[in-house]
Every structure is written in structure tokens, then in C-alpha cells.
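Residue strings, one per chain:
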Amino acid sequence: MSVLSLKGGVGKTSVVLGLAGAAVSRGLASLVVDLDPQGNATSILRTHTTRKTVADVLAHPTQATIEEALTPCDWEIGPGEVDVLAGHPSVIRYDSWTGQTFRPKLAKALAHLDGYDLVLIDCPPSLGALTREALAASDLALIVTTPSYFGSQGVERAVQEINEIKRTVNPNLSLAGIVVNRVRSVAEEHQYRTGELVNIYGKSALMKPFVPERIAITQAEGFGQPVGMVKTPGGREVSDIFDGYLTAILRK
Ligand SMILES: Nc1ncnc2c1ncn2[C@@H]1O[C@H](COP(=O)(O)OP(=O)(O)OP(=O)(O)O)[C@@H](O)[C@H]1O
Ligand SMILES: [Mg+2]
């Protein structure tokens, strides 16, 4: 599943890590693919250095290369496991339009792997070639947004991109849902924007409940731990929400 947004900083990586945390506590085996040149997921998941990274995988989508780019995550919270397909700044080379026909490479490389219950692809904050690679390799796409004017515009563009990839490259792709993140229920603007998203995309497209603004998410990131390890009411609240999202996603 691809986790994407047009806008940066809306919470894609936090959602990927939240879902990976929920999966590991259920005993599932997940793979996080870090397709963002910033490499945030790779650093937060405290992975070990790998001989190859996702940049090599896009250059040579072979079984040998992808296996050398895989590393287990250090989270010792079991019973499940999280592996990471390590990110690298040089992957940015693959984000530009080459003028050539799009031939998906990540999908080809991932086809060499089996045994994962869930594959989560953390996308860069753009709808460029890397996000297209992610969408071409996914059966589901999860859009993340914040309740703001530009956030709503970004959702519209992301939905268009998903439809375009579905039409041209990957007929198996469908929208898993829209995550509305960093919601402050007391803010009138947030209520207005969430209402607007419901009106446009319908109630069922929005993941519920919305993810509230909680410091536990930033703390978990700082500790390099899943948010469920932050033993505060906020940490529990957010980790329960991601657990509910995982249930909904696994049903799709
Ligand atoms: N619900 C939330 N409450 C509080 N802080 C949050 C929440 N969601 C995300 N954050 C914080 O906002 C920052 C951006 O989040 P994150 O890195 O997940 O966004 P992103 O969409 O992956 O960003 P980028 O586009 O740069 O990859 C992080 O520091 C994260 O801790
Ligand atoms: Mg990110």
C-alpha cells in the first residue's frame, strides 16, 4: 500500500510508522519501503546500514539487489516483525520525468519478495515519478492530509494521480482511504475542512476517527519507537486509532 500526499509534512511517515507499529503488535510481518529521499522512515526505524538501498533497487530491480537492500528494524516490541527497504538521498534522481515511457521498477523488484502480510510504501511529498513507482507497485493507496485549504487541494490532485495510474499502469490499484491528520476538534477551520472532504469524497472514503494533534507522535519519532510505546493517554489514543485503521485496511 502506498501512503502519499502532494503536500509535505502532513504525516505520511507518521501514518506508515503507526500502521507498522499496529502490525507488529498483532504478530504480522511488514515491510516498510522508504521511497522518500529524506529517508525519515529509515532513520526512525533504526535500521542497520545495508549494502544496497532503494536507489540501487530502482536501478536494478532484481531479487539479489532487493534482498541486499532489506534490513530488519530494531523495534523489539514483537511479536511481529518489520523489515525496511532502506532509503537513500540519491533516490531523488528517479523523481524526475525522463520523457520515456514509464516502466515500473519497484513493482518488478517487490514481485521477487513474498512472506510479508503488509507492505507500506512511504512516498516523498510530491506526485512525481517516485510516487508513481509506489502506486504502480500497490493494490491500495492511502492519502494523508491535514484539515487545511491546501490540504484539500492536495487530496484532489492525489485522487487524480491514483485514477491515472489505475487507468494506465496498474488496474489493481484502489483508494484505501483518506487520513485526516493533526485535527484539532475545537478549531472551526478544521471542522469546516473535514466537512468539506466528507462532502466531496463521501463519508466512507475518510478514515475514522480522524488523527488528532498529539505530541506523542513527535515523541515516538524522537525515541525511534512506535507510538504505542509512549505510555501517555495521547500515545494510547493514537495507537488505538492506527490499530483501527489497520483492521479497516486489511479488510480491503
Ligand atoms: N497527529 C500529529 N500530532 C502531532 N504531531 C504530528 C502529527 N502527525 C505528524 N506530526 C509531526 O509532524 C511532523 C511531520 O510529520 P511526518 O514526518 O509524518 O510528515 P510527512 O508527510 O511524512 O513529511 P514529509 O512530506 O516531509 O515526508 C513530524 O515531526 C511529526 O512528528
Ligand atoms: Mg515523510
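First things first, this report covers the structure right here in the doc. All figures in this text were calculated on a predicted structure; none of them were measured in a lab.

1. Comments concerning the overall build of the protein
Okay, step 1: Helices and strands together make up the secondary structure of the protein, namely 10 helices and 7 strands.
Okay, step 2: In terms of overall dimensions, the protein has a C-alpha envelope of 50 × 40 × 30 Å along the principal axes.
Okay, step 3: When contacts within the protein are restricted to residue pairs at least 6 apart in sequence, long-range pairs at least 24 apart make up 75% of them.

2. Notes on the pairing of strand S2 (residues 29–34)
Okay, step 1: Of all 6 residues in S2, 5 are buried, a share of seventy percent or more.
Okay, step 2: Relative to strand S4 (residues 81–85), S2 runs parallel, the two being bridged by 5 bridges. The residue bridging Ala29 from the neighbouring strand is Glu81, located in S4.
Okay, step 3: Bridging between S2 and strand S5 (residues 118–122) involves 5 bridges; their strand directions are parallel. Its bridge partner lying in S5, Ser30 is registered against Leu118.

3. Focus: the site of ligand 1
Okay, step 1: Gly8, Lys12, Thr13, Ser14 and Pro125 are the nearest of the 20 residues found near ligand 1.
Okay, step 2: Broken down by secondary-structure element, the contributors of at least two residues to the shell around ligand 1 are helix H1 (12–25) and helix H9 (215–223).
Okay, step 3: A per-class count over the shell around ligand 1 returns 4 nonpolar, 10 polar and 6 charged.

4. Concerning the nonpolar core
Okay, step 1: Val3, Leu19, Val32, Leu120 and Ile121 are the most contacted members of the largest nonpolar core, which has 74 residues in total.
Okay, step 2: The biggest single contributor to this core is H1, with 8 residues.
Okay, step 3: Leave out the neighbours within four places in its chain, and Leu120 touches Met1, Val3, Val16, Leu19, Ala20, Ser30, Val32 and Val33.

5. Side note on the sheet that holds strand S1 (residues 2–4)
Okay, step 1: Strand order in the open sheet formed by 7 strands is S3-S4-S2-S5-S1-S6-S7, with mixed pairing between adjacent strands. Taken across any chain shown, the strands that pair with only one partner, and hence form the sheet edges, are strand S3 (70–72) and strand S7 (174–180). For this sheet the average axis-to-axis angle between neighbouring strands, irrespective of direction, equals 25°.

Each value, and the rule that gives it
- Residues numbered from 1 in each chain as written.
- Chains lettered and ligands numbered in written order.
- Predicted model: local features only at pLDDT ≥ 70, side-chain atom pairs only at ≥ 80, totals over all residues.
- Helix = DSSP H or I, 4+ residues; strand = E, 2+ residues; numbered from the N terminus.
- Contact = placed C-beta atoms within 7 Å.
- Buried ≥ 20, exposed ≤ 12 C-beta atoms within 10 Å, placed from the backbone.
- Pairing = 2+ DSSP bridges.
- Near = placed C-beta within 6 Å.
- Nonpolar A, V, L, I, M, F, W, Y, C, P; charged D, E, K, R; others polar.
- Core = buried A, V, L, I, M, F, W, Y, C linked by C-beta atoms within 7 Å.
- Axes fitted to C-alpha atoms, helices over the stretch in contact; angles between N-to-C directions.

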